[in-house]
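# Chain and residue survey
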Amino acid sequence: MSAHQEDLLSQLSKVARLVKRDIDVALAPFSLHTGQWALIKAVAILEPVSQVALSKYLVIEKPAVTKTVTRLETLGFISRTGSGRKRTVTLTRQAHDVFEAMDRAVQAAHQRFLETLSNDEQQMMGSILTHLLATHRPDEQEELH
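Residues numbered from 1 in each chain as written. Predicted model: local features only at pLDDT ≥ 70, side-chain atom pairs only at ≥ 80, totals over all residues. Heavy atoms only, no water.

With that settled, the discussion passes to the environment of P48. When you line up the elements, P48 lands in the loop between helix 2 (34–46) and helix 3 (51–58). Measuring from C-alpha to C-alpha, the distance between P48 and E115 comes to 35 Å, with 67 residues separating the pair along the chain. Here P48 is in contact with T88, V89 and T90, once residues within four sequence places are set aside. (Helix = DSSP H or I, 4+ residues; strand = E, 2+ residues; numbered from the N terminus. Contact = heavy atoms within 4.5 Å.)

Moving on to the pairing of strand 1 (residues 78–81). Here strand 1 shows a buried face lined by I78 and R80 and an unburied face lined by S79 and T81. As judged from the four bridges shared by strand 1 and strand 2 (residues 88–91), these two strands associate in the antiparallel manner. Bridge pairing in strand 2 places T81 opposite T88. What sits between strand 1 and strand 2 in their antiparallel hairpin is a turn of six residues, with G82 showing a positive phi close to 85°. (Buried < 20%, exposed > 50% of the residue type's maximum accessible area, 1.4 Å probe, protein only. Pairing = 2+ DSSP bridges.)

Okay, the pattern of salt bridges next. Following the criterion strictly, the structure yields five salt bridges and no others. K20 is paired through a salt bridge with D24; the nearest N and O atoms lie 2.7 Å apart. Here the residue K20 and the residue D24 both occupy positions in helix 1 (residues 3–27), the gap between them amounting to four residues, near one helical turn. Close ionic contact of K41 with D103 constitutes a salt bridge, the shortest N to O distance being 2.8 Å. Taken together, the residues K41 in helix 2 and D103 in helix 5 (residues 93–114) connect sequence positions 62 residues apart. Judged by relative accessible area, which is 25%, K41 ranks as partly exposed. (Salt bridge = Lys/Arg side-chain N within 4 Å of Asp/Glu carboxyl O.)

A general tendency of soluble globular proteins is for nonpolar side chains to be buried together. Residues L39, I40, V43, L54, F77 and I78 are the most contacted members of the largest nonpolar core, which totals 21 residues. Elements with a contribution of two residues or more to this core: helix 1, helix 2, helix 4 (62–75), strand 2 and helix 5. Counting residues per element, this core draws most heavily on helix 2, which supplies five residues. For I40, the residues in contact, after removing those within four places along its chain, are L32, L72, F77, L91, F99 and M102. (Core = buried A, V, L, I, M, F, W, Y, C linked by side-chain atoms within 4.5 Å.)

Within the span of helix 3, buried status applies to Q51, L54 and S55. What you see down the axis of helix 3 is that its buried residues fit within an arc of 100°, all on one side. Contacts made by the buried residues of helix 3 are with helix 2, helix 4, strand 1 and strand 2. (Arc of directions from axis to C-beta.)

A word on a nonpolar patch on the surface. Together, M124, M125, I128, L129 and L132 give the surface a local cluster of nonpolar side chains, amounting to about 430 Å² of exposed area. Its place among the elements puts M124 in helix 6 (residues 119–136). (Patch = residues over 30% accessible without salt bridge, like charges linked within 9 Å, V, L, I, M, F, W, Y side chains within 5 Å. Areas by Shrake-Rupley, 256 points an atom, 1.4 Å probe, with all protein chains shown as cover.)

In structure tokens:
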């Protein structure tokens, strides 16, 4: 790997940490963090959904999904029904009641983060990130459709 590539990857990692920090701040009033929000948002999109499907959709390990689902269930945001392979995850009434407020808080954090970029720069960045995802995670991308 070239020094330029190493520098670029280091910068990407730093940007990811900054975005996570801003989202964590936005979610603090809901007593949630970024990983929990990602799972709640995925469930909202896919529900009812299995934990295996959540793992594939979020591109994270199954044990991490199980741990996060268990924690969100304890907090009253997630409900699991069924058993074995037929077990599905849905949002609770509590989660549905605050979902829009959480989503607005996260979207506002995203907008603040990107506000220094022009529309053209944002579109270019979106294209590059989409290309990277499609190139390096083709199996996961196929499973999302």
